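Secondary and tertiary structure notes
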Amino acid sequence: MSNHLHPMQLWKTRSKLNSKAKEKNAILKSLVALLMVALCLIAANWQYQRGVARHAKNFKIEANTKLTSVPLGQVKDFSANEWRTVTTSGVFDTKHEVLLRNHYSDDGVYGFEYLTLFKSGGKSFWVDRGWVKAGPTAAARPEIPITPTNEVKITGRLRLNTALPHGSFFAIPSSGNLVAAWNLRAKVKTENYYLDLISGESVTPKAPAELPELSDGPHMAYALQWLFFAGLIIYGRFLIRR
């Protein structure tokens, strides 16, 4: 039996060898591919960690909202008890009220988030009194609930100040006119928490602040997507090398 290759087989073998030998910048291409794979893995891990953090947050919200209500004065660890229902008594400071713009109802109606400073036991903190509908014009003051001046007992969800509603805001002075650019953090010293008002004596909101949607979001799917991209890069580099 002859050890010589068929001419066609010999031609194919030489063609493969020549194609490998002719690939320019092979090392550079491989390094670029490795860099792209590394970036994909970093992005996948980032999305995975975001998914884990969101799942933990949702678990905390669901668990704490099911806990029995306690007096605010009994809470020591505010971070661990965020979203828990608490009760407290005090007075609203009608001189420090804020309307936060660019907030919408479930029906898509434009309005404001309504915050009032609350004083209880020598401490001051904000109370989110829910959503109110905007006035007929941008300059018109919306109809807001009457704020009692006597001591009241309120029930609300404990929140950290870092979660205060965002948006450009207006102060509501006693004259009733809207005043722009009033900084609620710089002008008033408050505790590092606030309350989402649920109910209270003559102050129960018609549209209270709602709980966030408890879903894990698309982060895990995005993480798998980045892993898939990394696999495609490796496979593509292999095909080019062949």
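About the thresholds
Residues numbered from 1 in each chain as written. Predicted model: local features only at pLDDT ≥ 70, side-chain atom pairs only at ≥ 80, totals over all residues. Heavy atoms only, no water. Helix = DSSP H or I, 4+ residues; strand = E, 2+ residues; numbered from the N terminus. Contact = heavy atoms within 4.5 Å. Areas by Shrake-Rupley, 256 points an atom, 1.4 Å probe, with all protein chains shown as cover. Patch = residues over 30% accessible without salt bridge, like charges linked within 9 Å, V, L, I, M, F, W, Y side chains within 5 Å. Salt bridge = Lys/Arg side-chain N within 4 Å of Asp/Glu carboxyl O. pLDDT = per-residue confidence, 0-100. Expected span 1.5 Å × (residues − 1). Buried < 20%, exposed > 50% of the residue type's maximum accessible area, 1.4 Å probe, protein only. Core = buried A, V, L, I, M, F, W, Y, C linked by side-chain atoms within 4.5 Å. Pairing = 2+ DSSP bridges.

**Some details on the overall build of the protein**
The secondary structure content of the protein amounts to four helices and eight strands. At a minimum sequence separation of 6, the contacts of the protein that also span at least 24 residues come to 68%. For the protein, the exposed surface amounts to about 15600 Å²; the carbon and sulfur share of it is 59%.

**A word on unusual backbone geometry**
In this model, W83 sits at a positive phi of 80 degrees, which is unusual for a non-glycine residue. With a phi angle near 65 degrees, S202 is a residue other than glycine that sits in the positive phi range. Structurally, the position occupied by S202 is in the loop between strand 8 (193-200) and helix 4 (219-241).

**Observations concerning a nonpolar patch on the surface**
A cluster of nonpolar side chains, contributed by Y222, W226, F228, F229 and L232, occupies part of the molecular surface with about 470 Å² of accessible area. In this fold, W226 is placed in helix 4.

**A closer look at the side chain of R157**
Note on placement: R157 falls in strand 5 (residues 152-160). Beyond its immediate sequence surroundings of up to four residues, R157 is in contact with T65, W83, R84, T85, Y194, L195, D196, I198, A209, E210 and L211.

**Concerning the confidence of the model for the protein**
Overall, the prediction assigns the protein a mean pLDDT of 80, with 78% of residues at 70 or greater. Here strand 7 (residues 179-180) stands out as the least confident element of the protein, with mean pLDDT 34; strand 1 (residues 70-71) is the most confident, with 95. For the stretch residues 174-186, pLDDT sits under 50, and the model shows 31 contacts to residues farther than four places along the chain or on other chains.

**Quick word on helix 2 (residues 26-65)**
Over its 40 residues, helix 2 runs 58 Å from end to end, which matches the ideal 58 Å to within 8%, given 1.5 Å per residue. Here helix 2 has its buried residues at A26, A33, V37, C40, A43, A44, Q47, G51, N58, I61 and N64. Of the surrounding secondary structure, the elements contacted by the buried residues of helix 2 are helix 4.

**Describing the environment of V152**
With respect to the helices and strands, the residue V152 is situated in strand 5. The class for V152 is buried, based on a relative accessible area of 2%. A sequence separation of 50 residues divides V152 from S202, and the C-alpha atoms of the two residues are 8.4 Å apart.

**Considerations on the nonpolar core**
Membership of the largest hydrophobic core comes to 17 residues, with the highest contact counts inside it found for V127, I154 and L158. In terms of residue count, the dominant contributor to this core is strand 5 (four residues). Those residues in contact with I154 that sit more than four places away from it in its chain are V86, T87, T88, F92, F118, V127, L195, L197, S199, G200 and V203.

**Some thoughts on the pairing of strand 3 (residues 110-120)**
A large share of strand 3 lies buried, amounting to nine of its eleven residues. The sheet contact formed by strand 3 and strand 4 (residues 123-133) spans nine bridges and is antiparallel. Note that in strand 4 the partner of L115 across the bridge is D128. Connecting the antiparallel pair strand 3 and strand 4 is a turn made up of two residues, with G121 showing a positive phi of about 60 degrees.

**Observations regarding the pattern of salt bridges**
Scanning the model with the defined rule gives five salt bridges in all. Ionic pairing is found between R159 and E82, a salt bridge with its closest N-O pair at 3.3 Å. Here R159 is found in strand 5, whereas its partner E82 is found in the loop between strand 1 and strand 2 (85-104), with 77 residues between them in sequence. As far as the burial class goes, R159 and E82 line up, both buried. A salt bridge links D93 to K119, with the shortest nitrogen-to-oxygen separation between them at 3.6 Å. With D93 in strand 2 and K119 in strand 3, this residue pair connects regions lying 26 residues apart in the sequence.

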